[in-house]
Amino acid sequence: MQRKKTKPVHVGSVVIGGGAPVVVQSMTNTDTRDVEQTLVQINDLASAGCEVVRLAVLDMDAADALKAIAASSPLPVIADIHFDYRLALRAVEQGIHGLRLNPGNIGARWKVQEVVKAVKERQIPIRIGVNAGSLEKEFLAKYGGPTAAGMVESALGHIRLLEDEGYDKIKVSLKASAVPLMVQAYRQMSECVDYPLHLGVTEAGTLRSGVVRSAVGIGALLSEGIGDTIRVSLTGNPVHEIPVALEILRVLGLRERSVDLISCPTCGRTQVDLAALAEKVDQRLSQLPPLDKPLKVAVMGCAVNGPGEAREADFGIAGGKGMGLLFRKGEIVANLSEEELLPALLQEIENYVLTHKKPGD
């Protein structure tokens, strides 16, 4: 797909926009003042594949904690600031790599100027974030409620405040819990500016509903070439957001599929416990080290589609009545009992890892 070319900004060592790969973000849900626990969660996020992390900064104690966090974090740190410009200034002093701040919400123009002066000195980007649920009253009145046009107008107003001060290291988000509204807002914004866009469905929900909303909303925009960085917002542990975000990118071909599992949905022809087999294989694949060559595994329920799908895979299995077939590149290599299927497939995976594990990992 052809991605829209946007201006690049640097969040620490991570490039967002400008044709760089789409970046996966998340946000800690720890108390930022608790440095130890916050760093534990950041490290967990990094291990899952997160590339940038955002932290809530509620008061000066939280802002002061950013120094130790930013110094030890394996990921670039973005400080999330609302209303108080002094928190933004303190966060910048502590060595953070980005701000999430709406300049129109921090008061007088001189306050905006103070923040811009601080970020200019350190070349720190600012993300302007408009949420449908907290849209300014003037735009709610003008448009009769939260609308894409109102969200875009709000964002453009914040952007102008920074541009008027000669600052253009800007990212933009226009989030909503309603997917059609979110998609429409980003489409309109993409026509207005060439700043990188941070995609997300806010208040997406729990793992089940949140995954669907995020995949539909974020995926629709990415498939149109819109979006430079994403966050899948799920209620609960933010670490759960990362594999979902990465899978959205992989499905769209925006990330290399180093490991790909295909499995059939099952039907009346299935005569083995395919769901259990697929879950166990998926669990093992999720634990694999980086590979120097993509791996594709097929777990199929019967011989109708099984051989064909397995032909496209490095190896796989197709079930039968109390038995199954083991394939390599579409060729049958073994006829096994149901109990032998999983051990045989796992052994194929281990053999592949031995020959394709990246050096040093």
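Structure shown above.
Residues numbered from 1 in each chain as written. Predicted model: local features only at pLDDT ≥ 70, side-chain atom pairs only at ≥ 80, totals over all residues. Heavy atoms only, no water.

Colleague: Sorry, what's going on with the layout of surface pockets here?
Modeller: Volume-wise, the largest pocket comes out at about 970 Å³. Around the largest pocket, the lining is made up of 24 residues, and of these Arg250, Ser258, Val259, Leu285 and Ser286 lie nearest the centre. Counting only elements with at least two residues in the lining of the largest pocket, the list comes to α1 (35-48), α9 (241-251), β11 (259-263) and α10 (274-286). The residue inventory of the lining of the largest pocket, partitioned by class, reads eleven nonpolar, six polar and seven charged. (1 Å grid on protein atoms, 1.4 Å probe; cavity = no way out; pocket = protein on both sides within 12 Å on 5 of 7 lines; lining within 4 Å. Points joined across faces, edges and corners; volume = space filled by probe spheres on them. Helix = DSSP H or I, 4+ residues; strand = E, 2+ residues; numbered from the N terminus. Nonpolar A, V, L, I, M, F, W, Y, C, P; charged D, E, K, R; others polar.)

Colleague: Hey, could you run me through helix α3 (residues 85-93) in this one?
Modeller: Each full turn of the α-helix corresponds to 3.6 residues, which orients residues three or four apart in the same direction. Along α3, the residues classified as buried are Tyr85, Leu87, Ala88, Leu89, Ala91 and Val92. If you follow the buried residues of α3, they end up packed against α2 (60-72), β5 (77-80), β6 (98-100) and α4 (109-122). For α3, the side-chain oxygen to backbone nitrogen distance between the N-cap and Arg86 is 2.9 Å, and the N-cap itself is Asp84. Just beyond α3, the residue with positive phi is Gly95, at close to 95°. (Buried < 20%, exposed > 50% of the residue type's maximum accessible area, 1.4 Å probe, protein only. Contact = heavy atoms within 4.5 Å. Polar contact = N/O pair within 3.5 Å; in protein donor to acceptor, adjacent residues only side chain to side chain.)

Colleague: Any chance you could explain the packing of aromatic side chains here in plain terms?
Modeller: The way to describe two aromatic rings as a pair is by their centre distance and the angle between their planes. Scanning the entire structure with this criterion turns up two aromatic pairs. Ring geometry for Tyr85 and Trp110: centres 5.3 Å apart, planes at 80°, overall edge-to-face. Taken together, the positions of Tyr85 in helix α3 and Trp110 in helix α4 put the pair 25 residues apart, joining distant regions of the chain. Given the relative accessible area of 15%, Tyr85 is considered buried. Taking the centre distance of 6.1 Å and the plane angle of 70° together, the rings of Phe315 and Tyr352 count as edge-to-face. Within this pair, whereas Phe315 is found in strand β13 (residues 315-319), its partner Tyr352 is found in helix α12 (residues 338-356), the two being separated by 37 residues in sequence. Side by side, Phe315 and Tyr352 carry an identical accessibility label, which is buried. (Phe/Tyr/Trp six-rings, centres within 6.5 Å; stacked < 30°, edge-to-face > 60°.)

So yeah, pure geometry; function would need other evidence.
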